[in-house]
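# Breakdown of the fold
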Amino acid sequence: MTLMFLNGGAMRGGPLHHLLGGAPLVAETRTAAKYRFYAVGDRCPALCPVSHGGAEIDGELYDLDLDRLRDEVLPAEPPELELGVIELADGGSALAMLLRRPSTSHAELADITGYGSWRAYRKERA
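Every value quoted in this text rests on a predicted model; they were computed, and no experiment measured them. (Residues numbered from 1 in each chain as written. Predicted model: local features only at pLDDT ≥ 70, side-chain atom pairs only at ≥ 80, totals over all residues. Heavy atoms only, no water.)

This part takes up the overall build of the protein. Scanning the protein from N- to C-terminus turns up two helices and eight strands. The secondary structure elements of the protein, listed N-terminal to C-terminal, are β-β-β-β-β-α-β-β-β-α. Taken against the 2.2 N^0.38 rule, which gives 14 Å for 126 residues, the C-alpha radius of gyration of the protein at 13 Å falls within 12% of a compact globule. Principal axes of the C-alpha set define a box for the protein whose edges measure 30 × 30 × 30 Å. For the protein, the proportion of its 126 residues judged to be buried stands at 40%. Considering only intrachain contacts with a sequence separation of at least 6, the fraction spanning at least 24 residues in the protein is 67%. For the protein, the computed accessible surface area is about 6,700 Å², with 50% contributed by carbon and sulfur atoms. When the 13 basic and 18 acidic side-chain charges of the protein are each reduced to a single mean position, those positions are 4 Å apart. (Helix = DSSP H or I, 4+ residues; strand = E, 2+ residues; numbered from the N terminus. Rg over C-alpha atoms; globule rule 2.2 N^0.38 Å. Buried < 20%, exposed > 50% of the residue type's maximum accessible area, 1.4 Å probe, protein only. Contact = heavy atoms within 4.5 Å. Areas by Shrake-Rupley, 256 points an atom, 1.4 Å probe, with all protein chains shown as cover. Lys, Arg positive; Asp, Glu negative; His and termini not counted. Charge placed at Lys NZ, Arg CZ, Asp CG, Glu CD.)

Following this line, the structure appears as structure tokens:
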């Protein structure tokens, strides 16, 4: 099993949560303060590692089977994102979806770091 940090549509209550196939929630947690947070074309969130000016971003940590990650979760991710490893607020590590570098899309990026979470951003937009 693999620890996967989720911060968008695959979180509890989100439209992609079913893709996790009942994977257990390990914790509600945050990233280390080393990331900027973007809305990609207002469709999905993306973490972007930075050396200065980062913030902690809320998310959920799941114990996800690698086969499910490969077969269900990754195919549903938008092309602007790629799989990477992040640092959590407690100093641990987890897989997460990061903004692809270099960017391969022309989708508009909106910096939503100040919201601290995708849910807070979406609530404000509703």
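Among all residues except glycine, the phi angle is most often negative; among peptide bonds, the trans geometry is most common. Its identity as a non-glycine residue notwithstanding, Asp 42 has a phi of 60 degrees, on the positive side. Residue Asp 42 is classed as partly exposed on the basis of its relative accessible area of 29%.

Right, let's get into the environment of Ala 46. Looking at the element boundaries, Ala 46 is found in strand E4 (residues 44–49). When the C-alpha positions of Ala 46 and Arg 36 are compared, they lie 8.4 Å apart, and in sequence the two are 10 residues distant. If near-sequence neighbours (up to four positions away) are discounted, Ala 46 is found in contact with Arg 36, Phe 37, Tyr 38, Val 40, Leu 81 and Leu 99.

This part takes up the side chain of Glu 60. With respect to the helices and strands, Glu 60 occurs in strand E5 (residues 58–64). Judged by its relative accessible area of 1%, Glu 60 is buried. A polar atom in the side chain of Glu 60 sits 3.0 Å from the side chain of Arg 12. Contact partners of Glu 60, with chain neighbours within four places excluded, come to Met 4, Phe 5, Leu 6, Met 11, Arg 12, Leu 25, Ala 27 and Arg 119. (Polar contact = N/O pair within 3.5 Å; in protein donor to acceptor, adjacent residues only side chain to side chain.)

What follows is about the pairing of strand E3 (residues 35–40). The buried fraction of E3 amounts to five of the six residues, a majority that puts the element mostly inside the structure. Direction of pairing for E3 relative to E4: antiparallel, over a ladder of six bridges. If you follow Tyr 38 over to E4, its bridge partner there is Ala 46. The turn joining E3 and E4, which pair antiparallel and follow one another in sequence, is formed by three residues; a positive phi near 55 degrees is taken by Gly 41. Sheet topology note: the E3/strand E8 (residues 109–111) ladder contains three bridges and is antiparallel. (Pairing = 2+ DSSP bridges.)

The next point concerns the pattern of salt bridges. Applying the stated criterion across every chain yields a total of 13 salt bridges. Arg 30 is the salt-bridge partner of Glu 56, the closest N and O atoms lying 3.4 Å from each other. Placement of Glu 56 in the loop between E4 and E5 and of Arg 30 in strand E2 (residues 25–30) is noted, with a sequence separation of 26 residues between them. Judged by its relative accessible area of 32%, Arg 30 is partly exposed. The structure contains a network of salt bridges with shared partners spanning Arg 12, Glu 28, Glu 60 and Arg 119. (Salt bridge = Lys/Arg side-chain N within 4 Å of Asp/Glu carboxyl O.)

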